[in-house]
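Breakdown of the fold
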Amino acid sequence: MLMPRDVNREITAGGSIQQSRGIGCPKQSIFFVAGFERRSFPSVLHVGLKERSISLARGPHLYLFLPSPSLLSDVFPAQMEGVKLVINKVLSSHFQVAHTVHMSALGLPGYHLHAAYAGDWQLSPTEVFPTVVGDMDSSGSLNAQVLLLLAERLRAKAVFQTQQAKFLTWQFDGEYRGDDYTATLTLGNPDLIGESVIMVAHFLQSVTQRLVLGGELVYHRRPGEEGAILTLAGKYSAVHWVATLNVGSGGAHASYYHRANEQVQVGVEFEANTRLQDTTFSFGYHLTLPQANMVFRGLVDSNWCVGAVLEKKMPPLPVTLALGAFLNHWRNRFHCGFSITVG
């Protein structure tokens, strides 16, 4: 949500999070209501977990606690640069680890150790409690998240991010799910001594079975500075498409996702930033070729950026090959990458 899960993200005046693309492509806004938040950690384990019967509220979820990929993030390709090797290993029905080695011309080679633990309380295919996810690189920097189910309708999450021995982010979230509404409160980097804090309140209400309306209030305070930003949001879900709209003092963001059939998906995003006096438009598509065990994702936007990623599975081996290329015509920058995923 508000606080960054990656060091490349920043908070904008509109209360959204933006993630920069290395070749100078426009930043991708992430808004809470769309449920289209891009995740930097893989899905937690759901293998062999016992699902317990419990009557859960089916309010409009904020997707704050779901580590599963979202609709638009599955359509738009993730930028690739250099060579990456990922080895996933399932140690048990509750625990898995992943080793990642990345070599790039833009920086030093890096190694990441990822570990995920999932408890035995499975509420749905995408919700398992408790869940602990951690990622540490070769320099000692750590990203960790803890998800807890406090009550039938109440969830909590804690996020910690360090850069070597220095804390960068500590964030605490609480979510309550009613019968037809969801409310969330987020505290980011609270500092009682320095009198600084970032607070985000979300509320979503199901007006009809398909229409969800809500709002986001962002409050930040630090010595000599204090302010609040209000953003209104809406989401309409049909059988084969989903449309969202966010409007606030910092600008507006609209998105549209459409599933044409089992093989073709498309997505469109439009963003207007009043602070930067800038507008961007992005179009992405997702093509699945099941007979060839291939997935192709592509994008093009209004800043003359084009990109594509091709994924190829190699059955019966548990190996996935990926090849990606991204080109920014305006800045004359080109990146390409290759990755191998085992497991």
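Everything discussed here concerns the structure shown above.
One structure accompanies this document, and this report is about it.

**Concerning the overall build of the protein**
Regarding its fold elements, the protein presents 1 helix and 22 strands. Here the contacts in the protein between residues at least 6 apart in sequence split such that 40% fall between residues at least 24 apart. Surface accessibility of the protein: about 17,500 Å² in total, with carbon and sulfur atoms responsible for 63%.

**Considerations on the nonpolar core**
Where a protein is soluble and globular, its nonpolar side chains tend to be buried together. Judged by nonpolar contacts, Leu72, Val75, Phe76, Met80, Tyr257, Leu299, Val309, Ala322 and Phe326 together constitute the single largest core of 9 residues. Going through the elements one at a time, helix H1 (71–75) and strand E21 (319–328) are the ones with two or more residues in this core. Discounting chain neighbours no more than four positions away, the residues touching Ala322 are Met80, Leu310, Glu311, Gly337, Phe338 and Ser339.

**Remarks on the packing of aromatic side chains**
As enumerated under the stated definition, the model contains 8 aromatic pairs in all. For the ring pair Tyr176 and Tyr181, a centre distance of 6.2 Å and an interplane angle of 35° mean the geometry is tilted. Classification of Tyr181 by relative accessible area gives partly exposed; the value is 27%. Ring geometry for Phe283 against Tyr285: centres 6.2 Å apart, planes inclined by 35°, an arrangement best described as tilted. Ring-pair connections join several aromatic residues into one group, and the members of that group are Tyr176, Tyr181 and Phe203.

**Structural notes on the pairing of strand E11 (residues 181–191)**
Of the strand pairs in this sheet, strand E10 (residues 166–177) and E11 are connected by 7 bridges, and their pairing is antiparallel. Within the sheet, the bridge partner assigned to Arg177 lies in E11 and is Thr182. Taken together, E10 and the strand that follows it, E11, pair antiparallel across an intervening segment of 3 residues. In sequence, E11 turns back onto strand E12 (residues 196–206) through a hairpin of 4 residues, with Glu195 there showing a positive phi of about 55°.

Cut-offs and rules
- Here, residues in each chain are numbered from 1, in the same order as that chain's written sequence.
- Only residues with pLDDT of 70 or above have their local features reported here, since the model is predicted, and side-chain atom pairs are shown and tallied only from 80 upward, although totals for entire chains, interfaces and linings are computed over all residues.
- Just so you know, side-chain values use all the structure's heavy atoms and leave hydrogens and water out.
- Here a strand is any run of E in DSSP of at least two residues, a helix any run of H or I of at least four, and the numbering for each starts at the N terminus.
- We call two residues in contact whenever any of their non-hydrogen atoms come within 4.5 Å of each other.
- Only the protein chains shown count as cover for residues, and the accessible areas themselves come from Shrake-Rupley with a 1.4 Å probe.
- Residues belong to a common nonpolar core when they are buried Ala, Val, Leu, Ile, Met, Phe, Trp, Tyr or Cys residues joined through side-chain atoms within 4.5 Å.
- Buried, partly exposed and exposed residues are distinguished by accessible area as a fraction of the type maximum, computed with a 1.4 Å probe on protein chains only: under 20%, between the cut-offs, and over 50%, respectively.
- The criterion for an aromatic pair is that two Phe, Tyr or Trp rings (for Trp, the six-membered ring) have centres within 6.5 Å, with stacked assigned to planes under 30 degrees apart, edge-to-face to planes over 60 apart and tilted to the rest.
- When DSSP finds two or more bridges between a pair of strands, those strands are recorded as paired.

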